[in-house]
Amino acid sequence: MGCAIAVVIVVVLIAAAVNSDVDHAVTGGFNVVVWIALIGGGLWLASKAYEKNKTTVAANAKSAKDKTRSERYSRATEWQRATRAAKLPDARPPGPLKLSLDGTVREAVSDADSARRAIRDVLAAIPVRIAEEARARAKALRPPVERLCEPGRYFQEEEDWGRYNVWWGPERSGTRPTREVVAQVKDLLGWAAARRNLVSDIHPGAERLLATLTGALAQRFRDSLQTRYGRADDGAGIAVLPPGEWESLLGDLHAALVAVADGLAALPRPKLLPLMHRPKEARFKDHVSGEAMEQDLREFLADTAKLRESALTGSWPAKFRSGWQLDGGVLDGFVTEEIRRRLARGTEGFQWVAQWNTGQLSHGGFARVYLAYVTIALAYLTEVLGNMADYKRDSAPQSGHRIEIGGDVTHSNFILNSTVRDITTVLAPVAGRDDRLAEAIEALSAAVREDPDLPEDEREELLYHVKDIAEAAAEPGEKQKRGRAKLALSAVAEAAKTGAQLAQTVTAWHDVLSKMF
């Protein structure tokens, strides 16, 4: 500004010099200088006032900004306090799985064959019922998922990276599920975990399907439910997320439930357990007394029959719990592994069913499947008891060669041929009375003995079934033997699904054999 004033003065003096009246010029120039000085001073004072006002405005703006941040901080702190105090409902226990089954428990476990069918019915009904539950839960989360959410607000931390200052940014809008929906999802995840635990060992396919609900999706829900770091939600106790995030998660849960329900409903029915019979030959361990073994087995059968009857009348025995053995450990006195192996095959899955309780499966379903296994074991052990005289003879010291592999009487050709000879002997009186029936049973015997597709561990058992058929044919008036023969023929027909030669034989002689019944 000083330079501008000097220039003005010079201009004024030059203009005055042109004037003929020098004194007048000097006087006029002085007056001009004074005026210019006054104007310049005024301008300087005005600029100072402007600078001061600018500083004041900036200070006021900073004060307003600090006040806004302070208010946000107060609100965020209040929200955080309310969020910590908010109580969300805990997941409710899903309760036992309730099955719809035909008939009474007593009818379902009336004999070994009925019992194994009861086991298959219960195990088949479990995934079907869980599928129905999944569909009901999916219905609660059905689209549009927007109806499951409500609006919410939150603050997000912001930061001046250059100065390392952190403050709450402006209030933002989002959505969160309602408390009712959160409770439904928590119940859903608890239900999925409980049902997965029920089927984990006995239904691998069902377990894999339910795992889709208890894995990544469940963790995603738990993570979303909690307020994220650097966030302050509006105090409802449920995290508010940007629009669309909660809706996407709830939509994924619904889709997963539908997929689980469809998958469970499509699972194949479990296979029918094989109807096992005691082996013809077996030996005791060297230090075991045959008479003591027989007495122990007789007492165990009597005690177990009483426990079974007590359970059927509604008073569940304390002994029937996890850890109880179907043979009471009595069969451990045999050196022959096959006698225990057959019971294990005929009662496969009991070790897992025995771990269930009525908190997982309704009493009717649990009692039915548990007592079905007990019934099968009782029938098998009764056969073992009836053959103890032969086992004592087998265990007596004998001279000469004895077929033995690792102390276990196995499916050797000797045993198979011996059973075939027994069948031929039993059929002798049948041949004179009904040649076609005798020929049909001989054909079955040969097919079982020769079919290359049959597993070796089933061949001897199938020959015992054929022997049951032969004995019924020899004594057609014996109702009990005829009943056993009917079950035996069913077992052979079931095994024929894996053996081509046996299947052809069963088909070819079906009409002749069915006339027995």
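Q: I would appreciate a short explanation of the overall build of the protein chain in the present structure.
A: Looking only at helices and strands, one finds 20 helices and four strands in the protein chain. Across the 517 residues in the protein chain, those meeting the buried criterion constitute 41%. Long-range contacts, defined as pairs at least 24 residues apart, comprise 78% of the intrachain contacts of the protein chain with a sequence gap of at least 6. For the protein chain, the exposed surface amounts to about 27600 Å²; the carbon and sulfur share of it is 55%.

Q: Is there a simple way to think about unusual backbone geometry in this case?
A: Trans is the common state for peptide bonds, and a negative phi is the common state for residues other than glycine. Here the residue pair Pro-143 and Pro-144 is connected by a cis peptide bond, since its omega of 0° sits within 30 degrees of zero. Among the secondary structure elements, Pro-144 is positioned in the loop between helix 4 (112-140) and strand 1 (149-160).

Q: How should the environment of Glu-494 be read in this particular structure?
A: You can see Glu-494 is positioned in helix 18 (residues 479-495). Spatially, the C-alpha atom of Glu-494 lies 8.9 Å from that of Pro-274, the residues being 220 residues apart in sequence.

Q: Explain helix 12 (residues 363-386) here, please?
A: Since the α-helix packs 3.6 residues into each turn, any two residues three or four apart lie on the same face. If you check helix 12, its first and last C-alpha atoms are 34 Å apart, about what 24 residues at 1.5 Å a residue would give, namely 34 Å. When you tally the buried positions in helix 12, you get 19 out of 24 residues, the bulk of the element.

Q: Explain the packing of aromatic side chains here, please?
A: Ring pairs (aromatic) are described by centroid distance and by the angle formed between their planes. Going through the model one piece at a time under the given rule, you end up with 13 aromatic pairs. Plain terms: the ring middles of Trp-316 and Phe-366 are 5.5 Å apart, the flat faces sit at 45° to each other, and that makes the pair tilted. Taken as a pair, Trp-316 in the loop between helix 9 (290-312) and helix 10 (337-346) and Phe-366 in helix 12 lie far apart in primary sequence, 50 residues in all. Overall, the relative accessible area of 25% leaves Trp-316 in the partly exposed class. The class for Phe-366 is buried, based on a relative accessible area of 5%. Three or more aromatic residues link up through ring pairs in this structure, and these residues are Phe-300, Trp-316, Phe-320, Trp-324, Phe-350, Phe-366, Tyr-370 and Tyr-373. The positively charged end of Arg-231 is found above the aromatic ring belonging to Tyr-154, 3.9 Å away from the centroid.

Q: What should I look at first to understand the pattern of salt bridges in this one?
A: Opposite charge on two side chains allows them to pair when their charged atoms are near. For the coordinates displayed, the defined rule picks out 24 salt bridges. Between Arg-135 and Asp-262 there is a salt bridge, with its nearest N and O atoms 2.9 Å apart. Of this pair, Arg-135 sits in helix 4 while Asp-262 sits in helix 8 (residues 245-265), placing them 127 residues apart in sequence. In this structure Asp-262 comes out as partly exposed when scored by relative accessible area, which is 39%. A salt bridge links Asp-234 to Arg-176; the shortest N-O distance between them is 2.6 Å. Taken together, the residues Asp-234 in the loop between strand 4 (231-233) and helix 8 and Arg-176 in strand 3 (residues 172-177) connect sequence positions 58 residues apart. Here the two residues Asp-234 and Arg-176 agree in accessibility, since each one is buried. When salt bridges that share partners are traced, they join Arg-75, Arg-153 and Glu-171 into one network.

Q: So what exactly am I meant to see when it comes to the nonpolar core here?
A: Burial of nonpolar side chains together is a common tendency in soluble globular proteins. Counting residues in each nonpolar core, the largest one holds 88 residues, and the members touching the most others are Ile-126, Trp-191, Phe-334, Trp-356 and Val-384. Of the residues forming this core, the biggest block, 14 residues, is contributed by helix 12. Apart from residues no more than four positions distant in its own chain, Trp-356 is found in contact with Leu-123, Ile-126, Leu-198, Ile-202, Leu-361, Phe-366 and Val-369. Counting residues in hydrophobic clusters, the runner-up holds 31 residues, among them Ala-438, Leu-463, Leu-489 and Leu-513.

Q: What am I meant to see in the side chain of Arg-195 here?
A: Examined against the element boundaries, Arg-195 turns out to sit in helix 5 (residues 179-199). A residue is classified by how much of its surface remains accessible, and Arg-195, at 2% relative accessible area, is buried. A distance of 3.1 Å separates a polar atom in the side chain of Arg-195 from the backbone oxygen of Gly-95. Ignoring sequence-local partners within four residues, the contact set of Arg-195 consists of Pro-94, Gly-95, Pro-96, Leu-97, Ile-130, Glu-133, Leu-210 and Gln-360.

Q: Is there a simple way to explain the packing of helix 5 against helix 8 in this structure?
A: Helices that pack against each other are described as a pair by the angle of their axes relative to one another and the distance between those axes. Closest axis-to-axis distance for the helix 5/helix 8 pair is 13 Å, and the angle between their directions is 40°. At the point where helix 5 passes helix 8, the crossing takes the left-handed sense. Touching Val-181, Val-185, Leu-188 and Trp-191 of helix 5 are Leu-250, Leu-253 and Leu-257, all from helix 8.

Q: Explain the confidence of the model for the protein chain here, please?
A: Note: predicted coordinates in regions of low pLDDT should not be interpreted at a detailed level. Scored by pLDDT, the protein chain has a mean of 83; 82% of the residues are at 70 or more. Every residue in residues 399-412 scores below 50 in pLDDT, and together they form 25 contacts with partners more than four places removed in sequence or on other chains.

What counts as what
Residues numbered from 1 in each chain as written. Predicted model: local features only at pLDDT ≥ 70, side-chain atom pairs only at ≥ 80, totals over all residues. Heavy atoms only, no water. Helix = DSSP H or I, 4+ residues; strand = E, 2+ residues; numbered from the N terminus. Buried < 20%, exposed > 50% of the residue type's maximum accessible area, 1.4 Å probe, protein only. Contact = heavy atoms within 4.5 Å. Areas by Shrake-Rupley, 256 points an atom, 1.4 Å probe, with all protein chains shown as cover. Expected span 1.5 Å × (residues − 1). Phe/Tyr/Trp six-rings, centres within 6.5 Å; stacked < 30°, edge-to-face > 60°. Lys NZ or Arg CZ within 6 Å of the ring centre and 35° of its normal. Salt bridge = Lys/Arg side-chain N within 4 Å of Asp/Glu carboxyl O. Core = buried A, V, L, I, M, F, W, Y, C linked by side-chain atoms within 4.5 Å. Polar contact = N/O pair within 3.5 Å; in protein donor to acceptor, adjacent residues only side chain to side chain. Axes fitted to C-alpha atoms, helices over the stretch in contact; angles between N-to-C directions. Left-handed = near helix turned anticlockwise from the far one by under 90°. pLDDT = per-residue confidence, 0-100.

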